[in-house]
Structures are given as structure tokens and as C-alpha cells.
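Listed here are the chains, written in short residue letters.
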Amino acid sequence: MMRYDDFDTGKIGRLTLVGDAQGLRHIHFETGRRPLPIQADWRQDGAFFKDAKRQLQEYFQGRRREFDLALTPAGTAFQLAVWQALQAIPYGRLVSYRWVAEHIGNIKASRAAGGAIGRNPLPIVIPCHRVVGSNGSLTGFGGGLAIKETLIALEKD
């Protein structure tokens, strides 16, 4: 059974968390580009996300640098490889799309990696906000560039 709940971050607005017995499947920004329709058979269950909310709150308070949550993002083999590479980016460090492509062993896949990063269903926990343009410029982000900038600044403190 799929469960969901909302979470007020206190820093970047509300997030919707979605998961099931296998793990966390989605983190959705209130300001996201793509709406996350709540399905009729999903059940709102705040207690189910207690640990995820605690860890996210610790992150936003600057007390957590890594997450220890069961994650079950659904995607293609390529997307899953990219999302796994994102998890290797250290807290507070910024990398380029080229770095991600190199990390998955396909230096020519920078653009495709960017597409997979844009479809990351678990932002923050899978830190796609740490990927910037090769010249250091902020590039697209599902929650908007202001939120990406806030997350990057949070990790510099």
C-alpha cells in the first residue's frame, strides 16, 4: 500500500513524501514543476514517515550530512545508475553533469545524465541539487532555482 504525508521543512516550504513498505519513493516540492497527483488508493500516514521527517529536519537544521533511509526510486537502468552516482557526491560539494557522466562510465552521456537528474524522484536525499553547469552556474531544478540555491547555501554553513 502506498502512503503519503506532507512535511513542512521550515526552510524551503512543504514537501510531500510518498513511500511503501519497500521504502521512500518520492519527495515532491510544493513548488515542483511536475504535479504529483495523490492517488485514490494512497493512504495519508504521518507516522509511517516519522524517520524520514526526522532525518530531513536534521538535514535542514545542519545536523545531518547523509541519509539512512530505504529508497526505492523507480526508473530505467540508466536513471538508476545516475541516481546512484548522485549519492556519491559529498555533502557541500558541487559537481558538473560531466562528472556524473564520468562517474557512470560514459563521458559522452552528460546531456542524458542531465535528463535523468531532472527526473530524480527523491531530491535532497538523492542530492541532485549538488549538480551545476560546467561553468558553476545553477541549472534547472525540480523545486526551482531558489530552492536549489537555498540547499547549496545550507550545505556551506
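Look up a bit, the structure's there.
Residues numbered from 1 in each chain as written. Predicted model: local features only at pLDDT ≥ 70, side-chain atom pairs only at ≥ 80, totals over all residues. Heavy atoms only, no water.

A. Region of interest: the overall build of the chain. Counting its regular elements, the chain contains five helices and six strands. Along the chain direction, N to C, the helices and strands of the chain fall in the order β-β-β-β-α-α-β-α-α-β-α. For 157 residues, the compact-globule formula gives about 15 Å, and the C-alpha radius of gyration of the chain, at 15 Å, lands near that figure. Reported as C-alpha extents along the three principal axes, the dimensions of the chain are approximately 40 × 35 × 25 Å. Taking all 157 residues of the chain together, the buried fraction comes to 45%. Put simply, of all contacts in the chain between residues at least 6 apart along the chain, 58% involve residues at least 24 apart. Accessible surface, the chain as shown: approximately 8300 Å² in total, 48% of it carbon and sulfur. If you average the places of the 21 positive and of the 15 negative side-chain charges in the chain, the two averages end up 6 Å apart. (Helix = DSSP H or I, 4+ residues; strand = E, 2+ residues; numbered from the N terminus. Rg over C-alpha atoms; globule rule 2.2 N^0.38 Å. Buried < 20%, exposed > 50% of the residue type's maximum accessible area, 1.4 Å probe, protein only. Contact = heavy atoms within 4.5 Å. Areas by Shrake-Rupley, 256 points an atom, 1.4 Å probe, with all protein chains shown as cover. Lys, Arg positive; Asp, Glu negative; His and termini not counted. Charge placed at Lys NZ, Arg CZ, Asp CG, Glu CD.)

B. Structural view of the layout of surface pockets. In this model, the largest pocket occupies a volume close to 540 Å³. What lines the largest pocket is a set of 25 residues, and nearest its centre among them are Arg34, Gly118, Arg119, Asn120 and Pro121. Sort the elements by how many residues they give to the lining of the largest pocket and strand S3 (residues 23–29) lands first, with four residues. Residue classes in the lining of the largest pocket are distributed as 12 nonpolar, 10 polar and three charged. (1 Å grid on protein atoms, 1.4 Å probe; cavity = no way out; pocket = protein on both sides within 12 Å on 5 of 7 lines; lining within 4 Å. Points joined across faces, edges and corners; volume = space filled by probe spheres on them. Nonpolar A, V, L, I, M, F, W, Y, C, P; charged D, E, K, R; others polar.)

C. Focus on the side chain of Glu155. Of note, Glu155 is situated in helix H5 (residues 145–156). At 2.8 Å, the side chain of Glu155 forms a polar contact with the side chain of Arg130. Excluding anything up to four places from it in sequence, Glu155 contacts Tyr59, Tyr91, Gly92, His129 and Arg130. (Polar contact = N/O pair within 3.5 Å; in protein donor to acceptor, adjacent residues only side chain to side chain.)

D. Here's a closer look at the sheet that holds strand S1 (residues 3–8). The strand order S3-S2-S1-S4 describes an open sheet built from four strands, whose pairing is mixed. Each end of this open sheet is capped by a strand with a single partner; those strands are S3 and strand S4 (43–44). Pairing between strand S2 (residues 14–20) and S3: six bridges, direction antiparallel. Its bridge partner lying in S3, Leu15 is registered against Phe29. The strands touched by helix H1 (residues 50–60) are S1 and S2; relative to S1, the strand with the most contacts, the crossing angle is about 25°. (Pairing = 2+ DSSP bridges. Axes fitted to C-alpha atoms, helices over the stretch in contact; angles between N-to-C directions.)

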